[in-house]
Amino acid sequence: MVIFGAGGDLTKRLLVPALYNLATTGLLPEHFELIGVDLADLDAGKWRDSLLEMMQSFVGKAASESRIDKIDEATWKRLTGRLSYIKGDFGDDGLYNELKRQLDQKTGTGGNCLFYLAIADRFFGPVVQNLGKAGLFEENWDQDGKKPEHWRHVVIEKPFGHDEESAKALNAAILRCAQEHQIYRIDHFLGKETVQNIMALRFANGMFEPLWNRDRIDHVQITVAETVGVESRGRFYEKTGALRDMVPNHVFQLLAMVAMEPPAGFDAKAVRSRKSDVFAAMRTVAPEDAVRGQYGPGPNGVAGYRQEKDVAPDSGTETYVAMRLAIDNWRWAGVPFYVRTGKHMSRRVSEIAIRFKPAPYAPFEDTDVAALAPNWLLLQIQPDEGIALQFEVKRPGPAVDLAAVRMAFKYADWFPKEPNIGYETLIYDVMTGDQTLFNRADMVEETWRVVGKVLENWSQEKPDNVLNYASGSDGPTSADDLLTRQGHAWRAVADDGHAH
Ligand code: BG6
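Starting afresh in each chain, residues are numbered from 1 along the sequence in its written order. Local features in this predicted model are restricted to residues whose pLDDT is 70 or higher, and side-chain atom pairs enter the listing and the counts only when it is 80 or higher, whereas totals over whole chains, interfaces and linings include all residues. In computing side-chain values, all of the structure's heavy atoms are included and hydrogens and water are not.

**Describing the domain arrangement of the protein**
Step number 1: Boundaries of every domain are those given by an automatic assignment or by a domain database. Per the domain assignment, the segments making up the protein are domain 1 (2-188) and domain 2 (192-418 + 450-484).
Step number 2: Averaged C-alpha coordinates put domain 1 and domain 2 at centres separated by 32 Å.
Step number 3: Any two residues having at least one pair of non-hydrogen atoms within 4.5 Å are treated as being in contact. Domain 1 puts 6 residues into the contact, and the matching count from domain 2 is 9 residues.
Step number 4: Throughout, the accessible surface (probe 1.4 Å) given up by two parts as they are put together, summed over both, is called the buried area. Contact between domain 1 and domain 2 buries roughly 790 Å² in total, counting both sides, with carbon and sulfur atoms accounting for 45%.
Step number 5: For this document, the term salt bridge refers to a Lys or Arg side-chain nitrogen within 4 Å of an Asp or Glu carboxyl oxygen. There are 1 salt bridge connecting domain 1 and domain 2.

Okay, structure coming up:
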């Protein structure tokens, strides 16, 4: 595995801990070797030390994303024992010649190589082109053309383009040097167990499918709320914003899991084609169906976005976005999908809430029941992973009255928690050649098309048009209007776990 951006945050905080977890569970190949590439002035020893230091900072920290109970010396040695480091400029031919020389010497790996681009997006195209120029994507195929003698795969992080045009240009550029089966456009949300489970819930149970359509579902709400701000990423975030950072990628992946048709099988072609159908059927969002906001200062001296490091004092970048989406196909016509995501919100929660159409009220007309509460199916992605179903029961007592209650499954009650930061499955899939959980070229292009008009519209507005919301709140109140227009309302972000 060759990591471009070896000295970066993603490598230290997520990739290496994930590789360590794979080594612990015995899923790293015996002859695994790691090569780090970066501009930073490091050598193999210094790089290894910096990785270990970061790993040690995670030990025993339950709240840390890469929680590890203890670093096992033998496992760490297996992972980093044969590690090397190449210092170089991503634009320099010499770097790729040196990489080729080193790879040719690594006989234990059988020529297989995974290139991971954990680098700023402006380098994606040039690095892939340079790898191609150096002949590093060559796979010798067997006589039937069915299996390469060795494989060469490249993982490309997000953001993959910043609009439809740039995504198309990037696809065209990389497809000139590598083939689609070698390209793994990663979205780390798909590494989350709860996201993968949506397919299991829908397609391994017979009871949901008959309800899963416009006849029974009233609308769907997808929330990805974070309590963190932009942290130290002001420079990246200023030109990205909440929409580009979260919506066409993470949020749409959640939506596709809910909205896709049953695939004919669970192979990459079948699953990705069904998801691609969803993206293609999504209507391009009209500017009036999107609301953006920016966090202002909050209680206890919490800084507003414009006071953050590397952020312009008059910045118009959004840290919150809400949208009303429509999918124009037989299953979903007329069913709104409301999505929202933001930073510095009241609670960290990622959840998909499916609201069913109400039962007829007529039989209750002569009772104390004033209205029937809706049924909700809640897919809780994080942090309290689980699934809950809300329904009405009779409130105990002589009068006919109802109460909404919740039946809840929690992962933690059924399965031991394994150290898992979500990248393990994805890295393992790249090594085994399984593209199911990765984006195909057409998928990313379609998702950018869906949000294109909104992005264009915002780019022409004045920075002060972005609405303010207090840190620790649930976003600007005008986001409510997106729903009230249709008689709906957002579910509370700071849910108390009781039925509403
Ligand atoms: C990243 C975004 O892709 O996803 C971040 O760039 C965001 O801004 C993060 O915080 C959320 O991922 P997770 O796994 O922490 O929910």
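**Some remarks on the sheet that holds strand β14 (residues 402-410)**
Step number 1: A sheet is described by the order of its strands in space; here 9 strands give the open sequence β14-β13-β12-β11-β7-β10-β9-β8-β15, paired in mixed fashion. On the outer flanks of this sheet lie β14 and β15 (467-470), each paired with one strand and no other. Each strand of the sheet is rotated relative to its neighbour by a mean of 20°, with strand direction disregarded.
Step number 2: Only strands that DSSP links by at least two bridges are regarded as paired with each other. Here a helix means four or more residues in a row that DSSP labels H or I, a strand means two or more in a row labelled E, and each is numbered from the N terminus. The pairing of strand β7 (residues 217-225) with strand β11 (residues 349-356) spans 8 bridges and is classified as antiparallel. When the sheet's bridge partners are listed, I222 is paired in β11 with I352.
Step number 3: Packing of helix α7 (residues 193-203) onto the sheet brings it into contact with β11, β12 (376-382) and β13 (386-394), and relative to β12 it is tilted by some 145°.
Step number 4: Here helix α8 (residues 234-259) sits on the sheet in contact with β7, β9 (320-325), β10 (337-342), β11 and β12, set at roughly 40° to β9. Every axis in this analysis is a line fitted to C-alpha atoms, fitted for helices over the stretch in contact. Angles between the N-to-C directions lie between 0 and 180 degrees.

**Here we look at the side chain of E139**
Step number 1: Here E139 is to be found in the loop between α5 (124-133) and β5 (152-156).
Step number 2: Of the buried charged residues, E139 lacks a salt bridge, with R152 as the closest side chain of opposite charge at 7.1 Å.
Step number 3: Polar contacts, as counted here, are pairs of nitrogen or oxygen atoms within 3.5 Å of one another; within protein the pair requires one atom able to donate a hydrogen and one able to accept it, and residues that are adjacent in sequence qualify only if both atoms are side-chain atoms. At 2.8 Å, the side chain of E139 and the side chain of H181 are in polar contact.
Step number 4: Setting aside chain neighbours within four positions, we find E139 in contact with P148, H150, W151, R152, H153, H181 and Q182. Think of it in three bands: with a 1.4 Å probe and only protein chains considered, a residue is buried below 20% of the maximum accessible area for its type, exposed above 50%, and partly exposed in between. Within this scheme the basic residues Lys and Arg register as positive and the acidic residues Asp and Glu register as negative, but His and the chain ends are omitted.

**Some points on the sheet that holds β5**
Step number 1: If you walk across this open sheet you meet the 6 strands as β3-β2-β1-β4-β5-β6, and the pairing is parallel. The two strands at the open ends of the sheet, each matched to only one other strand, are β3 (84-87) and β6 (183-185). Within the sheet, the average angular offset between the axes of one strand and its neighbour, ignoring direction, is 15°.
Step number 2: Here 3 bridges tie β5 to β6, and the two strands are oriented parallel to one another.

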